[in-house]
Amino acid sequence: MARPNKMGLDYFPFDVDFFNDEKIVAISGEFGIKGEIVVIKLLCAIYRNGYFILWNDLLKFKLLRDLPGVSSELLDSIMNRLVLWGFFDKDLFDSMGVLTSTGIQKRYFKISKRRKSVDDFRYLLIKVSGCENKEVFSSDDGDVSSDTVNVCNGGVNVCNNPFTADINVCKNTTKKRKGNNKEISLSRDKENLPTPEILGKGLDECYEELSRDMSWSEIVTMNTRNSGYKNFTMDMFKTYLKHFFEKLQNEGEVRKSPKDAKSHFARWLKIELEKQRNNGNNNRRSYTDKQEANAYALSLLQQHKRDLEEGLADQMERPF
């Protein structure tokens, strides 16, 4: 009995500049290392399945099991950002709940080009062409240089796709190597790039912008007072804001979007104020404990003094 065709991959290429990609930098800036790990876990799940995967509760719970410290709400937030910033195709995600992208599909078909047969290719974002026993891939591991990927195993028809009408079956004997085709359109990649607002600004520039935003400063100060910190002032706000950006620099942050910095600062400020309040309570408790200990010691000395006085009086009454 023939073994069923395998759609998933045992490995996939991982670029050494992965963490310098603008979209990953944006994820890391907002969610930290947890966001980076979620992205890698999602890529592994996709390539294990093939070139796409359905985003549903089953996948979500499997990921949460393997991601201790990541809540369901945080995972949803990371997913929404990845779709918004074009890491995954937004149209397919919104309409079908499918996680895939042009880059993922290119890498998948490049790796799986030698398979003898194929199954139903669904949710394609690229053109897939068949050819007769002629390899059209380069021998290196670079990216495919166009949106057309050729499957070269004896004229296999790969056009069964209800979502992509323009998938060509062709005879192509031309080898396409990375960098040879200089007329490639980059419009799709440009459309998927995050906006400058999402990518953020340098920390100094971001700090200056937030410092000048008096409306936001007053709102944060007022809300902080209403939260129980009645002595919180605008001067204290400015001091905490400066400390916050110093903390970001110490942690190696380079860029921060003003919008993200505002929400991050609000959470950080609440935590810092709670820490100070707790430390104050501990100090007062320590002071009270010392007072009680001193009072107890004084009572012992007074009792000892009384005992001595009573002993002396008894000796004076009975001198012999």
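Criteria and thresholds
- Residues numbered from 1 in each chain as written.
- Predicted model: local features only at pLDDT ≥ 70, side-chain atom pairs only at ≥ 80, totals over all residues.
- Heavy atoms only, no water.
- Helix = DSSP H or I, 4+ residues; strand = E, 2+ residues; numbered from the N terminus.
- Buried < 20%, exposed > 50% of the residue type's maximum accessible area, 1.4 Å probe, protein only.
- Contact = heavy atoms within 4.5 Å.
- Areas by Shrake-Rupley, 256 points an atom, 1.4 Å probe, with all protein chains shown as cover.
- Expected span 1.5 Å × (residues − 1).
- Arc of directions from axis to C-beta.
- Patch = residues over 30% accessible without salt bridge, like charges linked within 9 Å, V, L, I, M, F, W, Y side chains within 5 Å.
- Salt bridge = Lys/Arg side-chain N within 4 Å of Asp/Glu carboxyl O.
- Lys, Arg positive; Asp, Glu negative; His and termini not counted.
- Charge placed at Lys NZ, Arg CZ, Asp CG, Glu CD.
- Phe/Tyr/Trp six-rings, centres within 6.5 Å; stacked < 30°, edge-to-face > 60°.
- Axes fitted to C-alpha atoms, helices over the stretch in contact; angles between N-to-C directions.
- Parallel < 35°, antiparallel > 145°, perpendicular 65-115°, else oblique.
- Left-handed = near helix turned anticlockwise from the far one by under 90°.
- Nonpolar A, V, L, I, M, F, W, Y, C, P; charged D, E, K, R; others polar.

Student: Help me get a handle on the overall build of the protein, residues and values and all.
Tutor: Scanning the protein for helices and strands turns up 12 helices and 6 strands. Taken across its 320 residues, the protein has 35% of its residues classed as buried. Taking all contacts inside the protein whose residues are at least 6 apart in sequence as the whole, residues at least 24 apart take part in 68%. Of the roughly 20,600 Å² of accessible surface on the protein, 51% is carried by carbon and sulfur atoms.

Student: So, helix α10 (residues 214-226): which residues are in play, and what are the values?
Tutor: Here α10 spans 18 Å end to end across 13 residues, near enough to the 18 Å set by a 1.5 Å rise per residue. The set of residues buried in α10 consists of W216, S217, V220, T221 and T224. The buried residues of α10 occupy an angular sector of 130° when projected down its axis, which confines them to one face. Looking one or two places after α10, you find G228, whose phi comes out positive at around 115°.

Student: With reference to specific residues and values, describe a negative patch on the surface.
Tutor: Together, D15, D17, D21 and E22 give the surface a local cluster of negative charge. Among the structural elements, E22 can be located in helix α1 (residues 22-31). On the basis of relative accessible area, E22 is assigned to the partly exposed category, the value being 38%.

Student: Any details on the packing of aromatic side chains? Residues and values, ideally.
Tutor: Aromatic ring pairs are described here by two measures, namely the spacing of the ring centres and the angle between the planes. Taken as a whole, this structure holds 19 aromatic pairs when the rule is applied. Each ring, one from F14 and one from F18, has its centre 4.7 Å from the other, and the planes form 40°; the classification is tilted. Here F18 falls in the buried class, since its relative accessible area comes to 11%. Centre to centre, the rings of F265 and W268 are 6.0 Å apart; their planes meet at 35°, and the pair counts as tilted.

Student: Talk me through the packing of helix α3 (residues 57-65) against helix α4 (residues 72-84); I want residue IDs and the actual numbers.
Tutor: To describe two helices that pack against each other, one gives the angle between their axes and the distance between the axes. The N-to-C vectors of α3 and α4 enclose an angle of 115°; their axes lie 11 Å apart at closest approach. Judged by the angle between their axes, α3 and α4 are roughly perpendicular. Relative to α4, the crossing made by α3 is right-handed. Where α3 abuts α4, its residues K60, L63 and L64 lie against S72, L75 and D76. When the residues that make up the contact of α3 with α4 are grouped by side-chain class, the tally is 3 nonpolar, 1 polar and 2 charged.

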